[in-house]
Amino acid sequence: MSAPPSPNPLHRVEVLLFDVFGTVVDWRSSVTKELENLGKRYSLNDSPQDWLAFANEWRKGYMENTRRIAEGGEGTNDVDVMHREILDSMLSSPRWSHIGEALTEEKARVELNLVWHRLDAWPDTLPGLHALKKHLIIATLSNGNVRLLVDMAKHAGLPWDAVFSSALWGVYKPNPLAYASALHHLSIVPNKEGTTKAAMVAAHLFDLRAAKKAGMRTVYVRRPGEDAGLSDEDRKRLSGLGGGDVDGVDVVVSDFMELARLFGDSE
């Protein structure tokens, strides 16, 4: 006699909150592609690998600064300002100063900085979000500011029901206020066990662990190149190679269509 199927840990969920950078959109390919076009426009000799390194360094600066500020450090709560500060610092560095010498006009730097508003979705994102939207409220919970998230939604066709930015509350994830505030504005309250009818969807374990502490269910999405700081054991388990649970994660999926199937969508 076969064992009964395991209960779906998301069966009471009514709201999905999504991390955006890396989870919903492929920032690495999007930024690298735009940098390559910039190189051609300004007759720069950097290779595709150079432009990928530039994108990764820019993103690394963002991650380091948002985490530091989330923990109480000084700095801006506007990612457009942060991205520009990091960009200007990079363009003054020995490795990238030749690009800075080409981008002398303010207009060119402003336009490049706005690349983060024009990121393309992963291939499964749009069909997955549309399928999920049939059953649930879908919304962002991102460190991107509201204008960035709206511009990105229009650029990529992302069908959000609501857009929440941690900037609305003057913090960055994983500060607990970001998760609690989003839940409050969706009228989601914890039950007596401390859990809610909302789930966080992200490709970053630190984000999910913070959401779990706020009473949310959690969904880890495997995305290429994301979550570089995982331990070997967590990486093995999240890849499906090791078995066993990962602390802070209720469900692991390969894409948004697999997530949609958990809510009964078979398309």
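For the structure, see preceding data.
Residues numbered from 1 in each chain as written. Predicted model: local features only at pLDDT ≥ 70, side-chain atom pairs only at ≥ 80, totals over all residues. Heavy atoms only, no water.

(A) Representation of the nonpolar core within the structure. The biggest cluster of nonpolar side chains holds 58 residues, and the ones touching the most others in it are Leu16, Phe18, Phe54 and Trp58. Of the residues forming this core, the biggest block, eight residues, is contributed by helix H2 (residues 48–70). Not counting residues up to four positions away in its chain, the partners in contact with Phe18 are Val24, Leu129, Leu132, Ile138, Ala139, Thr140, Leu141, Ser142, Trp160, Met200, Val201 and Phe256. Core analysis: the next-biggest nonpolar cluster, separate from the first, contains 26 residues, Leu183, Ile188, Leu238 and Val246 among them. (Core = buried A, V, L, I, M, F, W, Y, C linked by side-chain atoms within 4.5 Å. Buried < 20%, exposed > 50% of the residue type's maximum accessible area, 1.4 Å probe, protein only. Helix = DSSP H or I, 4+ residues; strand = E, 2+ residues; numbered from the N terminus. Contact = heavy atoms within 4.5 Å.)

(B) Expanded view of the pattern of salt bridges. The tally for this structure, following the rule as stated, stands at 15 salt bridges. The residue Asp19 makes a salt bridge to Lys173 at a minimum N-O spacing of 3.1 Å. Placement of the pair is Asp19 in the loop between strand S1 (15–18) and helix H1 (27–41) and Lys173 in the loop between strand S3 (162–165) and helix H8 (176–185), with a sequence separation of 154 residues. The two residues Asp19 and Lys173 agree in class, both being buried. Here Lys173 ties to Asp207 by a salt bridge, and the two come within 2.7 Å at their closest N and O atoms. In this pair, Lys173 is assigned in the loop between S3 and H8 and Asp207 in helix H9 (residues 205–213), connecting sequence segments 34 residues apart. (Salt bridge = Lys/Arg side-chain N within 4 Å of Asp/Glu carboxyl O.)

(C) Fine view of the sheet that holds strand S5 (residues 217–221). Reading across the sheet, the six strands line up as S3-S2-S1-S4-S5-S6 and stay open at both edges, with parallel pairing between neighbours. Edge positions in the open sheet fall to S3 and strand S6 (251–253), since each of these has one partner strand only. Looking at each pair of strands side by side, their axes are set apart by 25° on average, direction ignored. With three bridges connecting them, S5 and S6 associate as parallel partners. Along S6, the bridge assignment pairs Val219 with Val251. Sheet strands in contact with helix H7 (residues 146–156) are strand S2 (137–142) and S3, and its direction is about 140° off that of S3. (Pairing = 2+ DSSP bridges. Axes fitted to C-alpha atoms, helices over the stretch in contact; angles between N-to-C directions.)

(D) Expanded view of the packing of aromatic side chains. With the rule as written, the count across this model stands at ten aromatic pairs. Relative to Trp96, the ring of Phe54 has its centre 4.9 Å away and its plane inclined at 75°; by these criteria the two rings are edge-to-face. On the criterion of sequence distance, the pair formed by Phe54 in helix H2 and Trp96 in the loop between helix H3 (79–91) and helix H4 (97–102) is long-range, its members being 42 residues apart. Lying across the ring of Phe206, Arg67 places its NZ or CZ 4.3 Å from the centre. The ring of Phe256 carries the charged tip of Arg223 above its face, separated from the ring centre by 4.9 Å. (Phe/Tyr/Trp six-rings, centres within 6.5 Å; stacked < 30°, edge-to-face > 60°. Lys NZ or Arg CZ within 6 Å of the ring centre and 35° of its normal.)

(E) Region of the structure containing the pairing of S1. In S1, alternate side chains face the same way, and those of Val15 and Leu17 on one face and Leu16 and Phe18 on the other are all buried. Relative to S2, S1 runs parallel, the two being bridged by four bridges. Bridging across to S2, Leu16 finds its partner in Ile138. Sheet topology note: the S1/strand S4 (residues 198–202) ladder contains four bridges and is parallel. Counterpart to Val15 in the pairing with S4 is Ala198.

(F) Up close: unusual backbone geometry. Look at the link from Lys173 to Pro174: it is a cis peptide, with omega at 10°. Among the secondary structure elements, Pro174 is positioned in the loop between S3 and H8. Residue Ser43 is not a glycine yet carries a positive backbone phi of 55°. Relative to the elements of secondary structure, Ser43 occurs in the loop between H1 and H2. Positioned with a positive phi, Ser187 is a non-glycine residue whose angle comes to about 55°. Relative to the helices and strands, Ser187 resides in the loop between H8 and S4.

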